[in-house]
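Report on the structure
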Amino acid sequence: AQKITQTQPGMFVQEKEAVTLDCTYDTSDPSYGLFWYKQPSSGEMIFLIYQGSYDQQNATEGRYSLNFQKARKSANLVISASQLGDSAMYFCAMREGRSSASKIIFGSGTRLSIRP
Amino acid sequence: AAGVIQSPRHLIKEKRETATLKCYPIPRHDTVYWYQQGPGQDPQFLISFYEKMQSDKGSIPDRFSAQQFSDYHSELNMSSLELGDSALYFCASSLGVAGGTYEQYFGPGTRLTVT
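The sections below set out a description of the structure shown in this document. (Residues numbered from 1 in each chain as written. Chains lettered and ligands numbered in written order. Predicted model: local features only at pLDDT ≥ 70, side-chain atom pairs only at ≥ 80, totals over all residues. Heavy atoms only, no water.)

1. Points about the state of the cysteines
Counted by the stated rule, this structure contains 2 disulfides over all chains. Cys23(A) shares a disulfide with Cys92(A); S-S distance 2.0 Å. Its S-S torsion of about -65° marks the bond between Cys23(A) and Cys92(A) as left-handed, since a negative value means left-handed. Taken together, the residues Cys23(A) in the loop between strand E3 (19-21) and strand E4 (24-25) and Cys92(A) in strand E10 (residues 88-96) connect sequence positions 69 residues apart. Residue Cys23(A) shares its accessibility class with Cys92(A), and that shared class is buried. What pairs with Cys23(B) in a disulfide is Cys91(B), and their sulfur atoms sit 1.7 Å apart. Taking the sign of the torsion about the S-S bond as the criterion, the disulfide between Cys23(B) and Cys91(B), at about -55°, is left-handed. Remark: Cys91(B) occurs in strand E9 (residues 87-94) and Cys23(B) occurs in strand E3 (residues 19-24); sequence separation between them is 68 residues. Across the pair, Cys91(B) and Cys23(B) agree in class, each one buried. (Disulfide = S-S within 2.5 Å. Helix = DSSP H or I, 4+ residues; strand = E, 2+ residues; numbered from the N terminus. Buried < 20%, exposed > 50% of the residue type's maximum accessible area, 1.4 Å probe, protein only.)

2. What to know about the packing of aromatic side chains
Evaluated as defined, the whole model comprises 15 aromatic pairs over all chains. The rings of Phe35(A), Tyr37(A), Phe47(A), Tyr50(A), Phe91(A), Phe106(A), Tyr35(B), Phe45(B), Phe90(B), Tyr105(B) and Phe106(B) are connected pair by pair, giving a single aromatic cluster. One Lys or Arg, Arg63(A), reaches over the ring of Tyr64(A) and ends 5.7 Å from the middle of that ring. (Phe/Tyr/Trp six-rings, centres within 6.5 Å; stacked < 30°, edge-to-face > 60°. Lys NZ or Arg CZ within 6 Å of the ring centre and 35° of its normal.)

3. Points about the environment of Leu21(A)
Residues and elements named next belong to chain A. Mapped onto the elements of the fold, Leu21 is located in strand E3. Taking the C-alpha atoms as reference points, Leu21 and Thr110, separated by 89 residues in sequence, lie 7.4 Å from one another. Not counting the four nearest positions on each side in its chain, Leu21 is found in contact with Gln8, Met11, Trp36, Asn76, Leu77, Tyr90 and Thr110. (Contact = heavy atoms within 4.5 Å.)

4. With respect to the nonpolar core
With 25 residues, the main nonpolar core has Tyr25(A), Trp36(A), Ile49(A), Leu77(A), Tyr90(A) and Leu112(A) as its most contacted residues. Every element with two or more residues in this core is listed here: strand E2 (10-14), E3, strand E5 (32-39), strand E6 (46-52), strand E8 (64-69), strand E9 (74-79), E10 and strand E12 (110-115) of chain A. The element best represented in this core is E10(A), accounting for 4 residues. In contact with Leu112(A), other than residues within four places in its own chain, are Met11(A), Val13(A), Val19(A), Ile79(A), Asp86(A), Ser87(A), Ala88(A) and Tyr90(A). Counting residues in hydrophobic clusters, the runner-up holds 22 residues, among them Val32(B), Ala66(B), Met78(B) and Leu81(B). (Core = buried A, V, L, I, M, F, W, Y, C linked by side-chain atoms within 4.5 Å.)

Here is the structure:
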């Protein structure tokens, strides 16, 4: 069963606009972590933001915020004031359990393109 | 800030050859993970190590083996290479502090091409 679902294969957004990338997840483990990574065309995987299942507040990191709706099993990434450099593939990912070496499961990704 | 180091960055091998990929985690990180990302795909987990012990295992072929050394660096050994092994191989590291977030930071990847 798909654990992480990203329903937007691609998105086009005008520069300076805000953008929301959708992510839903499925787990029966009460302890889990949700991640967003950015992968530019150069290939590296850049960590953006993390949300723990027990965190009361939505995570924020600069222009990135995570809209965590636990009951809906949703963890959307919001990028405010988009920039041309935000054009990349974005992956939502999840770690289940409390093990320090638990693997991350990735979604299929959303390719974001920012128009000037 | 220091990041995860992977070497080599690019590797070209022929079928049936062997390859060794190296990963040097962020200083003080004790956990290493290996992922394989095929063209146009999301990364797939291969294997992880915590304090030099194998911790979790994913879809890693029997032809592949890996270990973590006393200095916490890790090596992924790949034998009898096949065309389908061509991919971007990522190493990631995290700090396994109890109750921590275990955020995984990825290296730049090794792009393996098998011809």
